[in-house]
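Per-entry structural report
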Amino acid sequence: GENVEQHPSTLSVQEGDSAVIKCTYSDSASNYFPWYKQELGKGPQLIIDIRSNVGEKKDQRIAVTLNKTAKHFSLHITETQPEDSAVYFCAVQYSGAGSYQLTFGKGTKLSVIP
Amino acid sequence: ETGVTQTPRHLVMGMTNKKSLKCEQHLGHNAMYWYKQSAKKPLELMFVYSLEERVENNSVPSRFSPECPNSSHLFLHLHTLQPEDSALYLCASSLTWGGGWGDTQYFGPGTRLTVL
């Protein structure tokens, strides 16, 4: 099965600075990599995703980069704002052997200091 | 309502009780999921239903019993739970299961379950 490592587990940044969260995965057959944001008392919300045929994707202040060779992908948040404070999860979908489960990282708690 | 809804939002039950969690999706999706979220652990997939057929069961104890009467509704029936089952139970849905280039999953707000 797939193994996903997410770092760091906690991250504090000043408002306006950038934040980067990195995930590594083990199986080269994985082809879908979403990122979720979870605010207190809410379920995870998809913020951006990338598929293995693309190296980078941007959506306003959020971007994701994928390095298939090194088997890692990263979430980049620029010009951070206090409302970006939340727990962020990466996930990987492995498409081998008929199983399409998402395997999640343990999460990164991001705190944006005003 | 839109998206994925879950009821109740909070549930406290004793170990001998029987209760059910309900999930409803308004997205026209064909796959639905139950996840367990415990502190300091990754989300754990429990069950997957695709077109009302269970396609994944990740070694979940039989005290958790899922039911999918149609593609919009998913239930999780609970009986004789243990205190370690206390967690946030999340429902999710996606358009397909095994859709080739990835199945984007949309989550509900969860049910916070406490077992006394």
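Right above here is the structure, for reference.
In this text the structure is predicted, and so the values were computed from the model without any measurement. (Residues numbered from 1 in each chain as written. Chains lettered and ligands numbered in written order. Predicted model: local features only at pLDDT ≥ 70, side-chain atom pairs only at ≥ 80, totals over all residues. Heavy atoms only, no water.)

**With respect to the overall build of chain A**
Assigned secondary structure in chain A consists of 0 helices and 11 strands. In sequence order, the secondary structure elements of chain A are arranged as β-β-β-β-β-β-β-β-β-β-β. Relative to its length of 114 residues, chain A is compact, with a C-alpha radius of gyration of 14 Å against a globular reference of 13 Å. Projected onto its principal axes, the C-alpha positions of chain A cover 45 × 30 × 20 Å. Residue burial in chain A is summarised as follows: out of 114 residues, 46% are buried. Counted over contacts in chain A with a minimum sequence separation of 6, partners at least 24 positions apart contribute 54%. Of the roughly 5,400 Å² that chain A leaves accessible, carbon and sulfur atoms contribute 46%. Computed over 11 positive and 12 negative side-chain charges, the separation of the two mean positions in chain A equals 5 Å. (Helix = DSSP H or I, 4+ residues; strand = E, 2+ residues; numbered from the N terminus. Rg over C-alpha atoms; globule rule 2.2 N^0.38 Å. Buried < 20%, exposed > 50% of the residue type's maximum accessible area, 1.4 Å probe, protein only. Contact = heavy atoms within 4.5 Å. Areas by Shrake-Rupley, 256 points an atom, 1.4 Å probe, with all protein chains shown as cover. Lys, Arg positive; Asp, Glu negative; His and termini not counted. Charge placed at Lys NZ, Arg CZ, Asp CG, Glu CD.)

**Here's the deal with the state of the cysteines**
Using the criterion set out here, one finds 2 disulfides over all chains in the structure. For A:Cys23, the disulfide goes to A:Cys90, at an S-S distance of 1.9 Å. The sign of the -95° torsion about the S-S bond sets the A:Cys23-A:Cys90 disulfide as left-handed. Placement of the pair is A:Cys23 in strand 3 (residues 19-25) and A:Cys90 in strand 9 (residues 86-94), with a sequence separation of 67 residues. A:Cys23 gets classed as buried once you look at its relative accessible area, which sits at 1%. Unpaired in this structure, B:Cys68 has its nearest cysteine sulfur neighbour in B:Cys91, at a distance of 9.1 Å. Exposure remark for B:Cys68: the relative accessible area of 11% places this residue in the buried category. (Disulfide = S-S within 2.5 Å.)

**Considering the interface of chain A and chain B**
Counting from both sides, the interface comprises 23 residues of chain A and, opposite them, 22 residues of chain B. Surface buried jointly by chain A and chain B totals about 1,800 Å² across both partners, of which 54% is contributed by carbon and sulfur atoms. When the buried area of chain A at its contact with chain B is split by residue, A:Tyr100, A:Gln101 and A:Phe104 rank highest and sum to 29% of it. Seen at the junction of chain A and chain B, the total is 0 salt bridges. Put simply, chain A and chain B have 7 residue pairs in polar contact (both at pLDDT 80 or more) between them. Sort the elements by how many residues they give to the side of chain A that touches chain B and strand 4 (residues 30-38) of chain A lands first, with 4 residues. Partitioned by chemical class, the residues of the side of chain A that touches chain B number 8 nonpolar, 11 polar and 4 charged. (Buried area = accessible area lost by both parts, 1.4 Å probe. Salt bridge = Lys/Arg side-chain N within 4 Å of Asp/Glu carboxyl O. Polar contact = N/O pair within 3.5 Å; in protein donor to acceptor, adjacent residues only side chain to side chain. Nonpolar A, V, L, I, M, F, W, Y, C, P; charged D, E, K, R; others polar.)

**Concerning the environment of A:Lys109**
Residue and element names in this part refer to chain A. Tracing the sequence through the fold places Lys109 in strand 11 (residues 108-113). C-alpha of Lys109 to C-alpha of Asp59: the two residues are 50 residues apart in sequence and 21 Å apart in space. Contacts of Lys109, omitting those with residues within four sequence positions, involve Ser9, Thr10, Leu11, Ala86 and Val87.

**What to know about the packing of aromatic side chains**
Under the criterion given, the structure shown has 12 aromatic pairs over all chains. Ring centres 5.5 Å apart and planes at 65° place the aromatic pair A:Trp35 and A:Phe73 in the edge-to-face group. Highlighted residues: A:Trp35 in strand 4 and A:Phe73 in strand 8 (residues 72-77), separated in sequence by 38 residues. The exposure classification of A:Trp35 matches that of A:Phe73, with both residues buried. Considering the side-chain rings of B:Phe64 and B:Tyr89, the 5.8 Å spacing of their centres and the 35° angle between planes classify their relative orientation as tilted. In this pair, B:Phe64 sits in strand 7 (residues 64-70) while B:Tyr89 sits in strand 9 (residues 87-94), placing the two residues 25 residues apart along the sequence. (Phe/Tyr/Trp six-rings, centres within 6.5 Å; stacked < 30°, edge-to-face > 60°.)

**Thoughts on the pattern of salt bridges**
Per the stated rule, a full pass over the model turns up 6 salt bridges over all chains. Between B:Lys41 and B:Glu44 there is a salt bridge, and its shortest N-O distance comes to 3.5 Å. Given the relative accessible area of 41%, B:Lys41 is considered partly exposed. Accessibility expressed as a relative area gives 30% for B:Glu44, which makes it partly exposed. By sharing partners, the salt bridges in this structure join A:Asp49, A:Arg51 and A:Lys57 into a single network.

Read these as layout, nothing more, since geometry by itself doesn't imply function.
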